[in-house]
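Survey of secondary and tertiary structure
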Amino acid sequence: MNKNKNGIVKIIIVVAAAVILIGIGIGLAYHFSQQDQPAEKEPEIVTMSTLEKIVNVSKLSTVKFVYNGVATVPNEEKPEEIDYYVSYNAEISVGIDFDAVYFEQDEEAKIIYAHMPMPYVTNVSVEIKSLDYIFENDKANTVTITQTAYEKCVEDAEKECKTNKDIFKMASDNARNAVTALAQPIVDEYFEGYHMEFKGGE
Amino acid sequence: MKKLSALITAIAVMLSCTACSTPQETETNQLEIVPQISRIRSICELAVMDCYYHNVAKSFEEDVEGFLWWTKDRHFWIEYNAVVRYGIDVSYVNISVEDDTVVITLPKARLLDCTIDDPKDFSYIVAKDSAAITAEDEKTAIAQAQDELIKEASGNSTLLDQAQQRAEELLREYIKGINDMGQKTYSVRFNIIDENGQSVQTSAESEETSDSETKAQS
């Protein structure tokens, strides 16, 4: 009877030890397998705001253009007569607020619209040493000419910036290309059957 | 007793194997987006930068007309518009993925195209005492303007740097997007090559972490 009891106790001890060992084994295996794995990220739910976050790249917000122009300087007393023409080299910076770009999803037509902001001139810089002249009135060639001519060149470049549609069109096209480059991979991956179209910004 | 011990050992071994196989299954189920060369190339194509270029071509020739001491110079300027295109030659773009690092081989940005507006849109400024300007003079001046524009635009380091940075920035953002959406976190290294395919610059490795991760780290 005692022998039977001892046998049962031994079996219980062996089973308990085995269960503990198995538990430790599973625990260690799980622990080491987790160490090899990078921490799992939460799956991203792709929405229009995800696209907006992706295109918000401030480093792309400014483009520079070359504007080497000619300003016409009239005579102060007789404005219908020209004193001289002055050529200058200028650089025009045009900005686009990428953080103002927003997306709209048309589920029926399967189109994602990217709404673009208008480009705007952020800076006009005229290189003073680049000034060169053609005189109509030789008396206008005085010691104070550089200052006056420089002011006229800045005025001319700024006026050109306000009226020249090509500058804005090109800045806008470049921005659209950048937005396509940034958003298209996500649209292709997560919005099956959709295509992108642009609105605004011109 | 021996049978019982053998049975327990067998169960233990079986359970251990099951425990080890679980992560592998998880691994295959993970969403893994890998950087693709076709995508990298199309980004480089979209990274091209069209620049409005307004320029003045100047023509000056001394003593082209006259008799004895009475001479005339030919002096005029032509104001014109052009569009210059800067970008990366995509045929040289390549990628390799080494562990978690994406190495992007990228040629230096260069002038890809240069188009001058129709000559009928040019404006001319002729000096008051200039010798007469003939059609031939205009033609020569326009050809000279085109040559000068190409020379000037190909050497414009501000615009070339801008085009290079634009391409690199868009590619960085692409990898950052992959890191945000996928399970792997890649870092990026640029291998810049010259026109002979020789490496001229290798950028430091940078990890394109998502905004949320950056915030969490800080």
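Residues numbered from 1 in each chain as written. Chains lettered and ligands numbered in written order. Predicted model: local features only at pLDDT ≥ 70, side-chain atom pairs only at ≥ 80, totals over all residues. Heavy atoms only, no water.

**A few points about the overall build of chain A**
As a reminder, the rule being used: Working definition: helices are DSSP H or I runs of at least four residues, strands are E runs of at least two. Numbering for both runs from the N terminus. Here the globule rule reads 2.2 Å times residues to the power 0.38, and the radius of gyration is calculated from C-alpha atoms. Each residue is assigned to one of three classes by its accessible area relative to the maximum for its type, calculated with a 1.4 Å probe on protein chains only: buried under 20%, partly exposed between the two thresholds, exposed over 50%. Per-residue and other accessible areas follow the Shrake-Rupley method at a 1.4 Å probe size, with only the shown protein chains counted as cover for residues. Residues counted as positive are Lys and Arg, residues counted as negative are Asp and Glu, and His and the chain ends are not counted. Charge coordinates come from a single atom per side chain, which is NZ of Lys, CZ of Arg, CG of Asp or CD of Glu.
Counting secondary structure elements, chain A contains four helices and six strands. What you see in chain A, going N to C, is helices and strands ordered as α-α-β-β-β-β-β-α-α-β. Its C-alpha atoms give chain A a radius of gyration of 36 Å, clearly above 17 Å, the size a compact globule of 202 residues would have. Dimensions of chain A along its principal axes, counting C-alpha atoms only, are 135 × 45 × 20 Å. Out of the 202 residues in chain A, the part that is buried amounts to 41%. Accessible area for chain A stands at about 11900 Å²; split by element, carbon and sulfur atoms hold 52% of it. Positive and negative charge centroids in chain A, built from 18 and 33 side chains respectively, lie 14 Å apart.

**Regarding the packing of aromatic side chains**
Residues and elements named next belong to chain A. The condition is simple: Any two rings among Phe, Tyr and Trp, with Trp reduced to its six-membered ring, count as a pair given centres within 6.5 Å; such a pair is stacked if its planes are under 30 degrees apart, edge-to-face if over 60, and tilted if neither.
In this structure the tally under the stated criterion is six aromatic pairs over all chains. Seen from their ring centres, Tyr84 and Phe135 are 5.5 Å apart, and the 50 degrees between their planes marks the pair as tilted. Note that Tyr84 is positioned in strand E2 (residues 82-95) and Phe135 in strand E5 (residues 120-135), a separation of 51 residues in sequence. Tyr84 gets classed as buried once you look at its relative accessible area, which sits at 4%. A residue is classified by how much of its surface remains accessible, and Phe135, at 16% relative accessible area, is buried.

**Examining a nonpolar patch on the surface**
Residue and element names in this part refer to chain B. Going by this rule: Residues forming no salt bridge and having over 30% relative accessible area are the ones grouped into patches, like charges within 9 Å of each other and nonpolar side chains (Val, Leu, Ile, Met, Phe, Trp, Tyr) within 5 Å. A carboxyl oxygen of Asp or Glu within 4 Å of a side-chain nitrogen of Lys or Arg is what we treat as a salt bridge.
A surface patch of nonpolar side chains, amounting to about 640 Å² of accessible area, comprises Phe67, Leu68, Trp69 and Trp70. Note that Trp69 resides in the loop between strand E1 (49-67) and strand E2 (70-87). Trp69 gets classed as exposed once you look at its relative accessible area, which sits at 76%.

**Points about the side chain of Asn81 of chain B**
Residue and element names in this part refer to chain B. Put simply, the test is: In protein, a polar contact means a hydrogen-donor-capable atom and an acceptor-capable atom, both N or O and within 3.5 Å, with residues adjacent in sequence counting only if both atoms are side-chain atoms; elsewhere, any N or O pair within 3.5 Å suffices. Contact definition: two residues touch when any of their heavy atoms are within 4.5 Å.
Mapped onto the elements, Asn81 comes out in strand E2. We classify Asn81 as buried; its relative accessible area is 18%. At 2.8 Å, the side chain of Asn81 and the side chain of Tyr52 are in polar contact. When sequence neighbours within four positions are dropped, the list of residues in contact with Asn81 reads Tyr52, Tyr53, His54, Thr115, Ile116 and Asp117.

**Describing the sheet that holds strand E4 (residues 111-116) of chain A**
Residues and elements named next belong to chain A. Quick reminder of the rule: Two strands form a pair only when DSSP identifies at least two bridges running between them. Between N-to-C directions, angles span 0 to 180 degrees; the directions come from axes that are lines fitted to C-alpha atoms, helices contributing only their stretch in contact.
Read from one edge to the other, the open sheet built from three strands follows the order E3-E4-E6, with strand pairing classed as mixed. Each edge of the sheet is formed by a strand with only one pairing partner; in this case those strands are strand E3 (102-106) and strand E6 (195-200). Within this sheet the neighbouring strands show an average axis-to-axis angle of 25 degrees, counted without direction. Alignment of E4 against E6, held across six bridges, turns out to be parallel.

**Quick word on the pattern of salt bridges**
Residues and elements named next belong to chain B. As enumerated under the stated definition, the model contains eleven salt bridges over all chains in all. Note that Arg74 is salt-bridged to Asp137, the shortest N-O span being 2.8 Å. One end of the pair, Arg74, is in strand E2; the other, Asp137, is in helix H3 (residues 135-154), and 63 residues separate them in sequence. A residue is classified by how much of its surface remains accessible, and Arg74, at 10% relative accessible area, is buried. According to the relative accessible area criterion, Asp137 is buried, its value standing at 13%. The partner of Asp118 in a salt bridge is Lys120, with the nearest N and O atoms 3.4 Å apart. Residue class for Asp118 comes out partly exposed when judged on its relative accessible area of 39%.

**Concerning the confidence of the model for chain A**
How we decide: Residue-level confidence of the predictor is what pLDDT reports, using numbers from 0 through 100.
In this model, chain A carries a mean pLDDT of 87, and residues with pLDDT of at least 70 account for 90%. Looking across chain A, the model is least confident in helix H1 (residues 2-36) of chain A, with a mean pLDDT of 73, and most confident in E4 of chain A, with 96.

**Quick look at the nonpolar core**
Just so we agree on the cut-off: The set of buried Ala, Val, Leu, Ile, Met, Phe, Trp, Tyr and Cys residues whose side-chain atoms join them within 4.5 Å is what this entry labels a nonpolar core.
Ranked by internal contacts, the top residues of the largest apolar core, which has 99 residues, are Phe103 of chain A together with Tyr86 of chain B. Of the residues forming this core, the biggest block, eleven residues, is contributed by helix H4 (residues 165-190) of chain A. If we ignore the near neighbours within four places in the chain, the residues touching Tyr86 of chain B are Val48, Met49, Cys51, Tyr53, Arg110, Leu111, Leu112, Ala153, Asn156, Leu159, Leu160 and Ala163 of chain B.

**With respect to H4 of chain A**
All names here are of chain A. The line we're drawing: For a helix, the expected span equals 1.5 Å multiplied by the residue count minus one. Here the bend at a residue is taken as the angle between two axes, fitted respectively to the seven residues that end there and the seven that start there.
Compared with an ideal rise of 1.5 Å per residue, which puts 26 residues at 38 Å, H4 spans 36 Å between its outermost C-alpha atoms and is within 8% of the ideal. Along its length, H4 reaches its greatest deviation from straightness, about 40 degrees, at Ala183, and the proline Pro185 lies no more than four positions downstream. For H4, the N-terminal cap is Asn164; the gap from its side-chain oxygen to the backbone nitrogen of Asp166 is 2.9 Å.

**Re the environment of Met116 of chain A**
Residue and element names in this part refer to chain A. Structurally, Met116 can be placed in strand E4. Between the alpha carbons of Met116 and Gln105 there is a distance of 15 Å; along the sequence they are eleven residues apart. If sequence neighbours within four positions are ignored, Met116 has contacts with Val101, Ala175, Arg176, Val179, Phe198, Lys199, Gly200 and Gly201.

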